[in-house]
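Here is how the chains run, residue by residue.
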Amino acid sequence: MSLPTISSIDQSTATGAGLLPSAPVAGLDVLSHSLRDADSVAHAVVHRLHDLGALDALVATHVVATGHEPHHVLTVSATQVAMHELQDVLHEVGAGFDVASILVGSDYAGPPELRAGLEAAITSHVDQTGGRVVVFPGDHLLVGTVDTHQVTSQSDVDRVVLVTGGEVADARPLVTRNFLRPLWHDGDLVLHVQEAIGGTLVPFETPSPTPCCADHA
Amino acid sequence: MSHGHSHGPDSDGHTHDHTHEVDALDPVLDLHVEDGALTQAQLGRRAFLRTAGLLGAGAAGMSILGTASPAAAADTSSSRSRIGGYQWLAGDHHIHTQYSPDGQYRVIDHVQHANAFGLDWMVITDHGSAQHAKIGVEKVNPDIVAARDAVPGTLVFQGLEWNIPAAEHGTVFVHPGKNEVAVLKAFENNYDGVVTSTTASTSVNEAVAVSGLQYLAMAVANRDVKDALMFANHPARKGIDSPHEIRGWRDAEPTIAVGFEGAPGHQAAGLAAPFGPGSGRGFYDNSPTSASFPGYPLASYRTYGGFDWMTATVGGLWDSLLAEGKPWWITANSDSHQIWGDTSVRGAGSDFPVNGFYNDPEHTTVPVFGNGDFWPGYYSRTHVGAEDFTYAAVMRGLRAGRVWVDHGRLLSGLDVRLRAGEQEVPLGGVLTARRGTPVRLIIRILTAQFPNWSQALPKLAKVDVVRGKVTGPVSDRDTFTTPDTSVVTTFDVTGRTGVIELSYDLGALDDGFFVRLRGSDGNRLAVGLGGASIDPAGPAIDIVGDADPWKDLWFYTNPMWALPRR
C-alpha cells in the first residue's frame, strides 16, 4: 500500500494552521467501544505529538464494522513530525491496550482481521468523506462562546450547519462547551449545531451525554 | 416453561391470584357516585359523556356517533356506556421504582400518584440487571400486589424494562397471575441483554432478542401467563434500534411486539437550569456511536415537540412501518425515575448492588430540579380503548391499537372513525371495502375540560390529518422513509371548546392507505424534516436546555387503514 497523502486541501478554506498536502495519515485501532474511550485515546496521541512539537495534528474517529463487532478507530495526520515518530507515538499509546492495530504507510502491526477497517478509515480521512474529528487545527481558539464566523475563519471547519438542515450564514453566538466534534462530509469539515437557550447555538454533540441506565448494572 | 411450574390454565378468567378483575359498575357511569368522588380523569370521562348526551340509563350501548359498534352492541348485559363503544383508559407502561439502580420511589408512591393524576392502568418496569433478576423481580411483586389492593382504581401490571439484546430498552409486561414473576424472571435471566451480556449490536445478539419474544409468545400459548406485550422504549435516543431490528421484532411475534414509544419519558429534562436539568427534552442528548445504525441522520437523535423522531417525522420510520400494512403502535409514558422538583431523596444507608433496591425515600426540604421526570399521569398519557376495566381488556386494546396519546392533558376525549358505506372502524382498525367506495374520516374531540397539572387549561389549536399510501412489504428491511405520505389537511380549531366535530372526505378507495391524526396547542411549529410539501407545520426540534414541556403540547393517534377488498 502506498503512503496515503492528503491531496485535496482547498487552500482557500483550510485556514488557521491548515494541513500541508504532504501530511501522512496513520491509523490506530484499540477496539474502542464508546466515543468517550476513543476520545481519550485521541487525546493521548495528541499530547505525545505536542511533546514532539507537532502542533498541527488532526485526529478523527471512524466507525468500523469489519473484523470485530462495530467499534471506533482513530486516524491521525500531522506534518510536523517524521513518519517514524508518528509510528512510535501510536505504538506507545497502543501498548496500553490488550489489542492494538497500527497502520502507518504500508507498515501494519496487529491482528490481520483489523487491517481492512483501518485502511477504510484512512481512506475516509484522506478523502475527507467521513470521520468525526476530535482534534483539529484551530480548535484551541474556539473556547467558551464564539461567533459562528470565527469557527470557519479561525479553524479548519468549513461550514456550520443546523442539525435539521440549513447553513448558519449569520454570525451567531455558539456556546462551544469547549467540545467540538465536526464531521467530514464530501470533502468539507462540517460542524453541526442546534438551537439552544437564549438564542444561542450549541454543537450537536454533547460532551457528557446522559448515560444509559443499563450501564449501571 | 423452564421453571417447572405445572399450573393449569386459568381458562375461565377467575384466577386465584391477588389481582382484581374489576367488574363492578364503572364509577364514571354510576350516577350514585357524585362528581366529587371521582378522580380528575374519571370526571373528564363523565364530562365527555354528559356533553355528548350519553350519560344515563338510556344511553347504554350507544356509541357517540349514533351507530352501535359491534363491540358495544354485543355488550348488552353491561350497563356501561362508552365513548365510541369503548372505555378509554389512561395509562403509562414505563415506570421505575426503588428496584432500579437509577430509581428512588416505592411502588405505592408511584401508584397513588398515578391514581391521583388520573391513570387507570400502569406498568412497573424496573431495569433488567443482575440484581433485578436475582432480587428485584421477586421482591417488587408483593409491593405490586399490595398496591392493587390499596388502589383498586388503577390497574397495576408487573413488567420490566428489558435491555433488548443488540438494541435499546423495551417494556415487557404480562397479565397478572400466579406465574407473573416466574415468567418475567425466566425471561430476564435468559434474554435480558445486560444479564446475558448480549447488548452489543451484532446479528447473533439480534437473534437473542427475537428468541426472547418467542419465549413470551410461548408462555402465553402455554397459558403460563394470560397475556404478554412488548413495546420498544425511547427508540431513536441512541440510534441503536435499527429499522431491520424493529421489523424483525414485529414480524417474529406480531402479537407480542406491538409498538414503540411515540414520545419518550423524561419530559422535564429540557426545563432550563437552574430550575430544571437544562438538558435535551427526554434526555435525548446522544450522538451516533459504533452501536448506532449508520443510516440514521443526526436529526434523529433529538425530540420534536417532545416526540421521538421515528414518530414525529411525517413519512418517516413509523409511517414506513404502517405503509407495509402491518400494525405498529405508539405510546407516551413518563419513564419516571426521579421527579422534577421533588424534595425526597433515596433512603440513607442504601446499598443497591448488594440489596437490589434503595431504601425507602426520605423527606428533605430541598427541591431537586436536576431530576427530569414527571409522576405517571402528570404529563404523558396513553389512552386505550378497552371493552371493560380489566387487565385483559387493557392488553387487548393495546394490541388492537385502539390507542391515542397526549401530553399535558391536551384533550379530555377523542373518538375517531374511518367509515366506508355501512362499515366503520375505530383507531387501529382496518376497513376493507370495494375499490371506489367513498371513505370518510370522522372525528369527535372533547377539548380539555380541566386545567392540567401545570394549572393551565390546555387549548387545542389545530388538528392534522396524515395520510400515507400502503405500499406493502419493503424490500430493504432498513427502510425508514415512505413515499406518498403527508399532512393532507389541517383543521384550525383555535378558540373552540367542548365537543368539536370534524369530518374529512378521503375520496374513493384506491390501492389502500393509512390515516392518522396529530394535533397541537400551536405554540411551536416548524416545517417538518421532509419539507413543507409533506409537513408544513409540524413539531419543532426541542431547544437544548430550554424546552418547557407545558408550552408545547401535542396529541397523536394511532392509524387506521382502508384497503380494497381482494
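So, how was this worked out
Residues numbered from 1 in each chain as written. Chains lettered and ligands numbered in written order. Predicted model: local features only at pLDDT ≥ 70, side-chain atom pairs only at ≥ 80, totals over all residues. Helix = DSSP H or I, 4+ residues; strand = E, 2+ residues; numbered from the N terminus. Buried ≥ 20, exposed ≤ 12 C-beta atoms within 10 Å, placed from the backbone. Contact = placed C-beta atoms within 7 Å. Pairing = 2+ DSSP bridges. Axes fitted to C-alpha atoms, helices over the stretch in contact; angles between N-to-C directions. Nonpolar A, V, L, I, M, F, W, Y, C, P; charged D, E, K, R; others polar. Domains from an automatic or database assignment. Core = buried A, V, L, I, M, F, W, Y, C linked by C-beta atoms within 7 Å. Expected span 1.5 Å × (residues − 1). Arc of directions from axis to C-beta. Parallel < 35°, antiparallel > 145°, perpendicular 65-115°, else oblique. Left-handed = near helix turned anticlockwise from the far one by under 90°. pLDDT = per-residue confidence, 0-100.

Caption draft 1: Expanded view of the overall build of chain B. Of the regular secondary structure elements, chain B holds eleven helices and 25 strands. Here chain B holds 566 residues, and the buried ones make up 60% of them. Partitioning the intrachain contacts of chain B with sequence separation of at least 6 by distance along the chain shows that 76% fall at a separation of at least 24.

Caption draft 2: Structural view of the sheet that holds strand 17 (residues 438-447) of chain B. Residues and elements named next belong to chain B. Read from one edge to the other, the open sheet built from four strands follows the order 15-14-17-20, with strand pairing classed as antiparallel. Looking along the sheet, the strands with just one partner apiece sit at the ends: strand 15 (423-425) and strand 20 (499-508). On average, each strand axis in the sheet is tilted by 20° relative to the strand beside it, whichever way the strands run. Across three bridges, strand 14 (residues 411-420) lies against strand 15 in antiparallel orientation. From the neighbouring strand, R419 faces strand 15, where its bridge partner is E424.

Caption draft 3: Broad picture of helix 7 (residues 243-252) of chain B. Residues and elements named next belong to chain B. Along helix 7, seven of the ten residues are buried, which leaves the element largely enclosed by surrounding structure. For helix 7, the set of buried residues is P243, E245, I246, R247, G248, W249 and R250. Of the surrounding secondary structure, the elements contacted by the buried residues of helix 7 are helix 6 (203-221), strand 5 (228-232), strand 6 (257-263) and helix 9 (317-322).

Caption draft 4: Quick peek at the interface of chain B and chain A. Contacts between the two partners involve 31 residues from chain B and, on the opposite side, 26 residues from chain A. For the side of chain B that touches chain A, the per-class residue count stands at 14 nonpolar, twelve polar and five charged.

Caption draft 5: Highlighting the domain arrangement of chain A. Residues and elements named next belong to chain A. By the assigned domains, chain A splits into domain 1 (25-135) and domain 2 (139-203). The straight-line distance from the C-alpha centre of domain 1 to that of domain 2 is 25 Å. The element contributing the most residues to the side of domain 1 that touches domain 2 is strand 6 (residues 132-135), with four residues. Tallied by class, residues from the side of domain 1 that touches domain 2 come to three nonpolar, five polar and one charged.

Caption draft 6: Main features of the domain arrangement of chain B. Residue and element names in this part refer to chain B. Partitioning chain B into structural domains gives domain 1 (92-368) and domain 2 (409-564). Contacts between the two partners involve 40 residues from domain 1 and, on the opposite side, 45 residues from domain 2. Only helix 7, strand 7 (303-304), helix 8 (309-312), helix 9 and strand 9 (329-332) provide two or more residues apiece to the side of domain 1 that touches domain 2. Take the side of domain 1 that touches domain 2: its biggest share by element is four residues, from helix 9. Residues belonging to the side of domain 1 that touches domain 2 are distributed by class as follows: 17 nonpolar, 18 polar and five charged.

Caption draft 7: Region of interest: the nonpolar core. Grouped together as the largest cluster of nonpolar side chains are 138 residues, with contacts concentrated most on B:L229, B:V394 and B:V515. Each of domain 1 (92-368) and domain 2 (409-564) of chain B gives at least three residues to this core. The next biggest cluster of nonpolar side chains, apart from the first, holds 60 residues, and it includes A:L28, A:V30, A:L86 and A:V151.

Caption draft 8: How the structure looks around unusual backbone geometry. Residue and element names in this part refer to chain B. Cis rather than trans, the peptide bond between A273 and P274 has omega equal to 5°. Non-glycine residue R223 carries a positive phi angle of around 65°. Looking at where R223 falls in the secondary structure, it is placed in the loop between helix 6 and strand 5. Among the residues examined, R223 registers 14 C-beta atoms within 10 Å and is labelled partly exposed. Positive phi, normally seen in glycine, also occurs at H266, with a value near 55°. On the secondary structure map, H266 appears in the loop between strand 6 and strand 7.

Caption draft 9: Seen up close, helix 3 (residues 115-127) of chain A. Residues and elements named next belong to chain A. Between its first and last C-alpha, helix 3 extends 18 Å over 13 residues, near the 18 Å set by a 1.5 Å rise per residue. Along helix 3, the residues classified as buried are G117, L118, A121, I122 and H125. Axial view of helix 3: buried residues confined to an arc of 135°, hence all on one face. Summarising the contacts, the buried residues of helix 3 are in contact with strand 1 (25-32), strand 2 (58-64), strand 3 (71-77) and strand 4 (101-104). A positive phi of about 55° marks Q128, the residue just after helix 3.

Caption draft 10: Broad picture of the packing of helix 4 (residues 130-150) of chain B against helix 5 (residues 180-191) of chain B. All names here are of chain B. Orientation of helix 4 relative to helix 5, taken along the N-to-C sense of each, is 160°, at an axis distance of 10 Å. Judged by the inter-axis angle, helix 4 sits roughly antiparallel to helix 5. Crossing geometry of helix 4 relative to helix 5 is assigned as right-handed. Residues H132, A133, V137, E138 and N141 of helix 4 pack against V181, L184, K185, E188 and N189 of helix 5. Looking at the contact of helix 4 with helix 5, its residues break down into four nonpolar, three polar and three charged.

Caption draft 11: Region of interest: the confidence of the model for chain B. Residues and elements named next belong to chain B. Summing up the model confidence of chain B, the mean pLDDT is 90 and the portion of residues at 70 or higher is 86%. A low-confidence stretch, residues 1-24 stays under pLDDT 50, and its non-local contacts, those more than four residues away or across chains, total 35 contacts. Ignoring residues within four places in sequence, the model shows residues 53-81, a span with pLDDT below 50, making 50 contacts including any to other chains. Reported confidences for the modelled complex are a pTM of 0.87 and an ipTM of 0.87.

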